[in-house]
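These are the residues of each chain, in order.
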Amino acid sequence: MATEPSEELMRTLYKEHAGPLLAYVLRLVAGDRHRAEDVVQETLLRAWRNSDQLERATGSVRPWLVTVARRLVIDGHRSRQARPQEVDPGPLELLPAQDEMDKVLRFMTISDAMADLTAAHRQVLAETYLRGRTVEDAAAVLGIPAGTVRSRIFYALRSLKLALEERGVTTS
């Protein structure tokens, strides 16, 4: 089992390497001091966790610290690229939302008025207005002459207008 890292080693690492490491990391993170301080802190924490390796190492530990710091910056950059940035929903609450209630009420009123029409009138309106078919295409689908489709559209629209007026909808 590894022995506890000595406090003296950590004080020495911080005293000798924290300043130059912070300067190095600041360049990597485009001057973001908070991020740089976090990276330096994590680097020194990893040095503390691996103190047994550092005590056995010959020469300076700064290259090891610089490598760890650089990898932390790269990992942080990659994780931000992989996950969309979170935003505060506060400003979205201030934007006015489109009120769909009028649209829903209009749809319900038209649906109710359509129920008053005969089945033949509903069919021609559904084929021409709702499905966007031409008179000739609607005639082919319904199996009736094009003239009959035109006639039914005329009377269906007239009946629909009356049914909507009964429900308080006025046309201009």
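See the structure printed just above.
Everything numeric here is computed off the predicted structure, so don't read it as measured data.

Asks: Account for the overall build of the chain, with residues named and values stated.
Replies: For the chain, the helix and strand inventory stands at nine helices and zero strands. A compact globule built from 172 residues should have a C-alpha radius of gyration of about 16 Å, whereas the chain, at 37 Å, is more than 25% larger. When the backbone C-alpha atoms are referred to their principal axes, the chain occupies close to 100 × 35 × 35 Å. Only carbon and sulfur atoms are counted for the fraction: they give 55% of the accessible area of the chain, which is about 12700 Å². Side-chain charges of the chain comprise 24 positive and 24 negative groups, with the mean position of each set lying 6 Å from the other.

Asks: Please give an account of the packing of helix α1 (residues 7-28) against helix α2 (residues 33-49) that cites residues and values.
Replies: Following both chains from N to C, one finds α1 and α2 inclined at 145 degrees, their axes separated by 9 Å at the closest point. For the pair α1 and α2, the sense of crossing is right-handed. In this structure, α1 contributes Met10, Leu13, Tyr14, Ala18, Leu21, Leu22, Val25 and Leu26 to the contact, and α2 contributes Arg33, Ala36, Glu37, Val39, Val40, Thr43, Leu44, Ala47 and Trp48. The residue makeup of the contact of α1 with α2, split by class, is 14 nonpolar, one polar and two charged.

Asks: I'd like a description of the nonpolar core, backed by residues and values.
Replies: As a rule of thumb, nonpolar side chains are buried together in soluble globular proteins. Within the largest apolar cluster, 20 residues are counted, with the highest numbers of intra-cluster contacts made by Leu13, Val25, Val39, Val40, Leu44 and Leu65. No other element matches α1, which puts seven residues into this core. With residues near it in sequence (within four places) discarded, Leu13 still touches Ala18, Leu44, Ala47, Leu54, Val61 and Leu65.

Asks: I'd like a rundown of the packing of aromatic side chains, residues and numbers included.
Replies: Throughout the structure, instances matching the rule amount to one aromatic pair. A centroid spacing of 5.0 Å and a plane angle of 85 degrees characterise the contact between Phe154 and Tyr155, whose relative ring orientation is edge-to-face.

Asks: Just give me the short version of unusual backbone geometry, but keep the residues and values in it.
Replies: Of note, Ala30 is a non-glycine position whose phi angle comes to about 55 degrees, a positive value. Within the fold, Ala30 resides in the loop between α1 and α2. Taking the relative accessible area as the measure of exposure, Ala30 reaches 74% and is therefore exposed.

Asks: Describe a nonpolar patch on the surface, listing the residues and the values that go with them.
Replies: Together, Met101, Val104, Leu105, Phe107 and Met108 line one region of the surface with nonpolar side chains, adding up to about 520 Å² of accessible area. One can find Met108 in helix α6 (residues 101-115).

Asks: Run through the pattern of salt bridges, naming residues and quoting values.
Replies: Close approach of charged atoms allows side chains of opposite charge to pair. Counting across every chain of the model gives seven salt bridges. Taken together, the shared-partner salt bridges in this structure form one network comprising Asp112, Asp116 and Arg167.

Cut-offs applied
- Residues numbered from 1 in each chain as written.
- Predicted model: local features only at pLDDT ≥ 70, side-chain atom pairs only at ≥ 80, totals over all residues.
- Heavy atoms only, no water.
- Helix = DSSP H or I, 4+ residues; strand = E, 2+ residues; numbered from the N terminus.
- Rg over C-alpha atoms; globule rule 2.2 N^0.38 Å.
- Areas by Shrake-Rupley, 256 points an atom, 1.4 Å probe, with all protein chains shown as cover.
- Lys, Arg positive; Asp, Glu negative; His and termini not counted.
- Charge placed at Lys NZ, Arg CZ, Asp CG, Glu CD.
- Axes fitted to C-alpha atoms, helices over the stretch in contact; angles between N-to-C directions.
- Left-handed = near helix turned anticlockwise from the far one by under 90°.
- Contact = heavy atoms within 4.5 Å.
- Nonpolar A, V, L, I, M, F, W, Y, C, P; charged D, E, K, R; others polar.
- Core = buried A, V, L, I, M, F, W, Y, C linked by side-chain atoms within 4.5 Å.
- Buried < 20%, exposed > 50% of the residue type's maximum accessible area, 1.4 Å probe, protein only.
- Phe/Tyr/Trp six-rings, centres within 6.5 Å; stacked < 30°, edge-to-face > 60°.
- Patch = residues over 30% accessible without salt bridge, like charges linked within 9 Å, V, L, I, M, F, W, Y side chains within 5 Å.
- Salt bridge = Lys/Arg side-chain N within 4 Å of Asp/Glu carboxyl O.

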